[in-house]
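If you want the building blocks of each chain, they are given just below.
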Amino acid sequence: MSYVAPEIKDKFDSLSEGLKAMILEKDVQLNTVFDLINVLELIVEEDEEVDN
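Student: Mind showing me how you'd approach the nonpolar core here?
Tutor: Where a protein is soluble and globular, its nonpolar side chains tend to be buried together. If you look at the biggest cluster of nonpolar residues, it comprises 11 residues: V4, A5, I8, F12, L15, I23, V28, L30, L36, V39 and I43. Per-element accounting of this core gives the leading share, 3 residues, to helix 3 (residues 33-51). Excluding its chain neighbours within four sequence positions, the residues that come into contact with L30 are Y3, V4, A5, I8, F12, I23, D35, L36 and V39.

Here you go:
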C-alpha cells in the first residue's frame, strides 16, 4: 500500500488524477520530495520503454 507523507501531500495533490493513480499503483512510500521525484522518473522511464 502506498503512503504519502503529510509534508509532501500538497505537492502530491497538485498532480493530475491520472498521475496520482499511476504513482499509487507503484506501492511506494513517499516520505520526501525526492521520493516523489524518483517515482515520477521511474514512470517516465517505463513510458519511454513502452514507446520504443
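Student: I'm lost on the packing of helix 2 (residues 17-25) against helix 3 in this one. Help?
Tutor: Helix-helix packing is described using two parameters, namely the angle between the two axes and the distance between the axes. Interaxial distance between helix 2 and helix 3 falls to 10 Å at its minimum, and their mutual angle equals 95°. With respect to each other, helix 2 and helix 3 are oriented roughly perpendicular. Here helix 2 contributes L19, M22 and I23 to the contact with helix 3, which in turn contributes L36, V39, L40 and I43. A class-by-class count of the residues in the contact of helix 2 with helix 3 yields 7 nonpolar, no polar and no charged.

Student: Could you clarify how one ought to interpret the pattern of salt bridges in this entry?
Tutor: Here the idea is simple: oppositely charged side chains can pair when their charged atoms come close. Across all of its chains, the model carries 3 salt bridges by this definition. A salt bridge links D13 to K9; its shortest N-O distance comes to 3.2 Å. Within this pair, D13 and its partner K9 are both found in helix 1 (residues 9-13), separated by 4 residues, close to a single helical turn. Put simply, K20 and E17 hold a salt bridge, and the shortest N to O gap is 3.0 Å. A residue pair is termed a helical-turn pair when its members lie 3 or 4 positions apart in one helix, as K20 and E17 do in helix 2 at 3 residues. By relative accessible area, which is 11% here, K20 ends up buried.

Thresholds, definitions, all that
Residues numbered from 1 in each chain as written. Predicted model: local features only at pLDDT ≥ 70, side-chain atom pairs only at ≥ 80, totals over all residues. Heavy atoms only, no water. Core = buried A, V, L, I, M, F, W, Y, C linked by side-chain atoms within 4.5 Å. Buried < 20%, exposed > 50% of the residue type's maximum accessible area, 1.4 Å probe, protein only. Helix = DSSP H or I, 4+ residues; strand = E, 2+ residues; numbered from the N terminus. Contact = heavy atoms within 4.5 Å. Axes fitted to C-alpha atoms, helices over the stretch in contact; angles between N-to-C directions. Parallel < 35°, antiparallel > 145°, perpendicular 65-115°, else oblique. Nonpolar A, V, L, I, M, F, W, Y, C, P; charged D, E, K, R; others polar. Salt bridge = Lys/Arg side-chain N within 4 Å of Asp/Glu carboxyl O.

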